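# Structure at a glance
Read off the chains here:
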Amino acid sequence: MSAEVIDSTGDSRRAEAPPRRRTCRFLASSPLVFLLLLATLWAAAALHFDVRVSWLRTPLAVGYLLAVLAVWILAKGPWKKLGLTAAGFALVLAWWFTLQPSNNRDWQPDVAVLAFADIVGNNVTVHNIRNCDYRTETDFDVRHYDKTFDLDHILAAELYMVYWGSPYMAHTMMSFEFEGGDCLCFSIEARKEKGEGYSAVKGLFRQFELVYIAADERDLIRLRTNYRQGEEAYLFRLNGSPAQVRTLFLDYLNRMNSLRQRPEWYSALTHNCTTSIRTQRAAADRAPWDWRMLANGYSDELLYERGMIATNLPLAELKELCHINARARAAGQAADFSRLIRQGVPGIKP
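Described in the following lines is the structure provided in the data block. (Residues numbered from 1 in each chain as written. Predicted model: local features only at pLDDT ≥ 70, side-chain atom pairs only at ≥ 80, totals over all residues. Heavy atoms only, no water.)

This paragraph deals with the overall build of the protein chain. Summing up its helical and strand segments, the protein chain has eleven helices and twelve strands in all. Compactness check: the protein chain gives a C-alpha radius of gyration of 27 Å against a globular reference of 20 Å for 350 residues, more than 25% above the reference. Looking at the protein chain as a whole, 44% of its 350 residues are labelled buried. A total accessible area of about 18500 Å² is found for the protein chain, and carbon and sulfur atoms account for 58% of it. (Helix = DSSP H or I, 4+ residues; strand = E, 2+ residues; numbered from the N terminus. Rg over C-alpha atoms; globule rule 2.2 N^0.38 Å. Buried < 20%, exposed > 50% of the residue type's maximum accessible area, 1.4 Å probe, protein only. Areas by Shrake-Rupley, 256 points an atom, 1.4 Å probe, with all protein chains shown as cover.)

So, on to the side chain of glutamine 108. Structurally, glutamine 108 can be placed in the loop between helix H4 (78-96) and strand E3 (116-120). In this structure glutamine 108 comes out as buried when scored by relative accessible area, which is 17%. Polar contacts involving the side chain of glutamine 108 include one to the main-chain carbonyl oxygen of glutamate 193, which spans 3.0 Å. (Polar contact = N/O pair within 3.5 Å; in protein donor to acceptor, adjacent residues only side chain to side chain.)

Before going further, it helps to spend a moment on the nonpolar core. Of all hydrophobic cores here, the largest spans 65 residues; its most connected members are Val126, Phe176 and Phe249. In contact with phenylalanine 249, not counting residues within four places along its chain, are Val124, Leu151, Ile154, Phe176, Phe178, Leu184 and Phe186. (Core = buried A, V, L, I, M, F, W, Y, C linked by side-chain atoms within 4.5 Å. Contact = heavy atoms within 4.5 Å.)

Right, let's get into the packing of helix H2 (residues 31-50) against helix H3 (residues 54-74). Between H2 and H3, the least distance of the axes is 6 Å, while the angle of their chain directions is 155°. Comparing their axes, H3 and H2 come out roughly antiparallel. Together, Val33, Thr40, Ala43, Ala44, Leu47, His48 and Phe49 of H2 and Arg57, Thr58, Leu60, Ala61, Tyr64, Leu65, Val68 and Trp72 of H3 make up the contact between the two elements. Here the contact of H2 with H3 is composed, by residue class, of eleven nonpolar, three polar and one charged. (Axes fitted to C-alpha atoms, helices over the stretch in contact; angles between N-to-C directions. Parallel < 35°, antiparallel > 145°, perpendicular 65-115°, else oblique. Nonpolar A, V, L, I, M, F, W, Y, C, P; charged D, E, K, R; others polar.)

The next thing to look at is the pattern of salt bridges. In total, this model carries 24 salt bridges according to the counting rule given. In this structure, arginine 218 and aspartate 216 form a salt bridge, with 3.0 Å as the shortest nitrogen-oxygen distance. Classification of arginine 218 as partly exposed rests on a relative accessible area of 23%. Glutamate 305 is the partner of arginine 292 in a salt bridge, and the nearest nitrogen-oxygen pair spans 3.0 Å. Of this pair, arginine 292 sits in the loop between helix H7 (275-279) and helix H8 (299-305) while glutamate 305 sits in helix H8, and the two are 13 residues apart along the sequence. By relative accessible area, glutamate 305 is classed as exposed at 54%. Sharing partners across several salt bridges, the network here consists of Glu158, Glu177, Glu217, Arg237 and Arg342. (Salt bridge = Lys/Arg side-chain N within 4 Å of Asp/Glu carboxyl O.)

It is the contact of H2 with H4, at a shortest axis distance of 10 Å, that shows an interaxial angle of 35°. Classified by chirality, the crossing of H4 by H2 is left-handed. Within the contact between the two elements, H2 uses Leu32, Val33, Leu36, Ala39, Thr40, Trp42, Ala43, Ala46, Leu47 and Asp50 and H4 uses Trp79, Leu82, Thr85, Ala86, Phe89, Val92, Leu93, Trp95 and Trp96. Taken together, the residues that form the contact of H2 with H4 break down as 16 nonpolar, two polar and one charged. (Left-handed = near helix turned anticlockwise from the far one by under 90°.)

Glycine aside, residues mostly have negative phi angles, and peptide bonds mostly take the trans form. Of note, the phi angle at asparagine 128 is positive, near 65°, even though the residue is not glycine. Relative to the helices and strands, asparagine 128 resides in strand E4 (residues 123-130).

By the criterion of burial, strand E9 (residues 171-178) is predominantly enclosed, with eight of the eight residues buried. Residue alternation in E9 divides its side chains into two sets, His171, Met173, Ser175 and Glu177 and Thr172, Met174, Phe176 and Phe178, and both sets are buried. Taken together, the eight bridges between strand E8 (residues 154-163) and E9 define a ladder with antiparallel strand orientation. Looking at E9, one finds that isoleucine 154 is bridged to phenylalanine 178. Judged from the five bridges that link them, E9 and strand E10 (residues 183-191) form a sheet pairing that is antiparallel. Bridge pairing in E10 links serine 175 to cysteine 185. The turn linking E9 back onto E10 is made up of four residues, and glycine 180 within it adopts a positive phi angle of 95°. (Pairing = 2+ DSSP bridges.)

So, in C-alpha cells, the structure goes:
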C-alpha cells in the first residue's frame with residue numbers, strides 16, 4: 001500500500017519515495033541497465049580472451065568488473081552510474097577495434113598455405129588447392145596442387161552441410177562441379193595457429209583469422225566422413241543456371257584473393273562458414289536475411305522453402321537421400337571419389 005500524509009486540513013497526499021528508492025525503481029525498469037550489463041560482460045570477456053599478454057588477461061578482466069561494481073555502489077545518481085559504465089565499455093571497445101588480423105603467424109600445417117586464383121578471361125588457375133593425405137584426423141601429410149578451370153564448362157554448385165552434434169548448427173561448404181567430373185570445394189573456417197583449438201566462445205572475439213580453404217573433395221569431405229567421429233555430411237545440389245553458378249564461383253575466388261591481401265577476423269556470428277557466403281556479395285545482391293543463417297543447421301529447410309534445392313520430395317526424404325557418409329566411406333581414396341558420393345543425390349544425373 002502506498003504511504004499517505006494527512007495535513008492539518010484533513011487532506012491526504014501521497015508521500016514521495018526517498019531518492020534512493022526512486023533510483024532503484026528507475027534502474028530496475030530501464031532497458032539501458034540490461035544492455036549495459038551485457039556490454040559489461042562482453043567487455044570483461046574481450047579483455048580475458050583478446051589481451052595479447054597472457055598474464056594480464058584475467059587481472060584486467062576481474063579489475064574491469066570490480067571497477068564497474070564500484071561505480072554502481074559509489075557513484076551518485078542513476079545517470080552518472082549509466083554514463084560511467086557506458087564510458088568504460090566504450091574504452092574497451094575502442095581498444096578492441098585496434099586489434100589487427102595478420103597472415104603472418106605460426107599456423108597449423110593444414111592452413112599455413114593460402115590459396116589464390118589468377119583469372120584471365122574464362123580461364124581460372126587456382127593455386128595451392130589442398131589435398132591432404134590422411135591416416136587419422138590428426139595424422140596427415142599436407143599436399144597442394146594448381147589447376148586451371150574453364151568457366152565455360154562450369155556445371156553446378158552443391159552445398160555440403162556437416163553436423164557434429166547439435167541440430168541447430170552445421171559446418172557448410174560449397175563445391176563447384178565442372179564438365180569432366182572436376183570439382184573444387186571451398187571451406188570457410190577459423191585459421192588456427194599451432195597448438196590452438198577452435199572454441200565457439202573464442203570465436204565471438206578476435207582469436208582467429210578468417211580463411212577460405214580451396215581443396216579437393218577427397219580432402220575436405222573425406223576428413224569429415226571417414227576420419228572424424230560423429231560427423232554426418234549431406235550434399236545438396238543447388239538450383240541455378242550456369243551463369244548464376246559462374247557468378248557464385250567468382251565471388252568465392254575474389255573473396256579468397258582479397259583475404260590473401262587483406263586478412264580479416266573470423267567471427268562465429270558475422271564472419272563464419274555460412275554468413276560469409278552472403279556477405280561476400282554486394283549488399284544489393286544478397287539473399288534476404290533469415291534467422292536460419294545463424295542457426296545454420298536449418299539451412300536446408302531455408303533453401304527448400306526458397307526453391308533453391310530439389311522440392312519434388314518431402315524435405316525429410318530428400319535429406320535422407322542426400323546423406324553421403326556411407327558412400328564416402330565406401331569410396332575411400334578412389335580417384336573418382338566425387339562421382340561416387342554423388343550417386344543417388346536428387347538433382348544430380350549419373
